[in-house]
Each structure stands twice: as structure tokens, then as C-alpha cells.
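# Close look at the chain arrangement
This is what each chain is made of:
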Amino acid sequence: MRARVKSGLQNSSNQSAAIDDFKAAVQEGTDGRAELEKVNTDGNSDLAEAVSQLDGELVDEMVKAYLDLASVYNQRTSYNDAYATINQALVLQPDNKELQSMRAQIASNTD
């Protein structure tokens, strides 16, 4: 997932490629979280803690990818796509101030 985000950042001059990379990063995170949900942690608190920590790390990386994706959409003046992207990230981290700020910025662009 980090490689996809890095590739997206390196493709900043090719916004379509960057969008594809950021979307792929989010999908990889979604797939990883789905795999973590399958891990049977019954009666193993150490394993449950490790799974929870990994899930948190995946969410953090997904939020970064969503922020980068929304930024590219915003640069392209694709404000509806940018707004929808931020809303998807807010499902993962509703109290994230950076996401809330970016959503407000995008909303002000559409006024």
C-alpha cells in the first residue's frame, strides 16, 4: 500500500496515474482489513492486540491515501469527487481534524 501511495506522489505530474495509484492503495488497505477480520483471535489477547494494531495502521495509511486522492481531485476542480473521497475517509476516522479541515476547504470551493 505504501508503494502505491509513493507511486501516486511521484506521478503528481500525471494526475490520472496518481488517481489510479491512490485508489489502488485504498483498495489494498480495504483488502488487508478484510483479511484481518478473518483472523481468529478467540482467547488470544496478544493476537487480538496485534490484529487491532495492524488494523489501525492500515486505517492510517488508507486515510493518507484518501487525503492524497482528494487533493488531486481538488486540483483538477473535481470537487464532488474530492468531497466524496474525504467522506469515505471520515467513515474510517470521523474525528480526524485534517479530514474535517479538507472537507470544509473543498466545500468552500463549491460555493
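Residues numbered from 1 in each chain as written. Predicted model: local features only at pLDDT ≥ 70, side-chain atom pairs only at ≥ 80, totals over all residues. Heavy atoms only, no water.

### Some remarks on the confidence of the model for the chain
When pLDDT is averaged along the chain, the result is 90; 88% of the residues meet or exceed 70. In the model of the chain, helix H1 (residues 2-10) stands out as the element of lowest mean pLDDT, 64, in contrast to helix H4 (residues 79-92), which has the highest, 96. (pLDDT = per-residue confidence, 0-100. Helix = DSSP H or I, 4+ residues; strand = E, 2+ residues; numbered from the N terminus.)

### Describing the environment of leucine 90
Turning to its location among the elements, leucine 90 is positioned in helix H4. Relative accessible area serves as the criterion here: at 10%, leucine 90 is assigned to the buried category. For the pair formed by leucine 90 and valine 63, sequence separation is 27 residues and the distance between their alpha carbons is 8.2 Å. Beyond its immediate sequence surroundings of up to four residues, leucine 90 is in contact with Asn96, Leu99, Gln100 and Arg103. (Buried < 20%, exposed > 50% of the residue type's maximum accessible area, 1.4 Å probe, protein only. Contact = heavy atoms within 4.5 Å.)

### Section: the nonpolar core
The nonpolar side chains of soluble globular proteins are, as a tendency, buried together. By size, the foremost hydrophobic cluster in this structure holds 22 residues, and its most contacted members are Leu67, Ile86, Leu99 and Met102. Of all the secondary structure elements, the ones that give two or more residues to this core are helix H2 (15-37), helix H3 (45-75), H4 and helix H5 (97-109). If one sorts the elements of this core by residue count, H3 sits on top with ten residues. With sequence-adjacent residues up to four places away left out, isoleucine 86 is seen in contact with Leu67, Ala70, Leu99, Met102, Arg103 and Ile106. (Core = buried A, V, L, I, M, F, W, Y, C linked by side-chain atoms within 4.5 Å.)

### Concerning H2
Taking 1.5 Å as the rise per residue, H2 with 23 residues should run 33 Å; its terminal C-alpha atoms sit 33 Å apart, in good agreement. Listed in full, the buried residues belonging to H2 are Ala18, Ile19, Asp21, Phe22, Ala24, Ala25, Val26, Gly29 and Leu36. (Expected span 1.5 Å × (residues − 1).)

### Quick word on the packing of H2 against H3
With their axes 9 Å apart at the nearest point, H2 and H3 run at an angle of 160° to one another. In terms of orientation, H2 lies roughly antiparallel with respect to H3. H3 is crossed by H2, and the crossing has left-handed handedness. Residue composition of the contact of H2 with H3, by class: 16 nonpolar, five polar and four charged. (Axes fitted to C-alpha atoms, helices over the stretch in contact; angles between N-to-C directions. Parallel < 35°, antiparallel > 145°, perpendicular 65-115°, else oblique. Left-handed = near helix turned anticlockwise from the far one by under 90°. Nonpolar A, V, L, I, M, F, W, Y, C, P; charged D, E, K, R; others polar.)

### Digging into the pattern of salt bridges
Applying the stated criterion across every chain yields a total of three salt bridges. Ionic pairing is found between arginine 33 and aspartate 55, a salt bridge with its closest N-O pair at 2.6 Å. With arginine 33 in helix H2 and aspartate 55 in helix H3, this pair connects stretches of sequence that are 22 residues apart. Salt-bridge contacts for lysine 64 lead to glutamate 61; the nearest nitrogen and oxygen are separated by 3.5 Å. In this pair, lysine 64 and glutamate 61 are both assigned in helix H3, three residues apart and thus about one turn of the helix distant. For lysine 64, a relative accessible area of 44% gives the class partly exposed. (Salt bridge = Lys/Arg side-chain N within 4 Å of Asp/Glu carboxyl O.)

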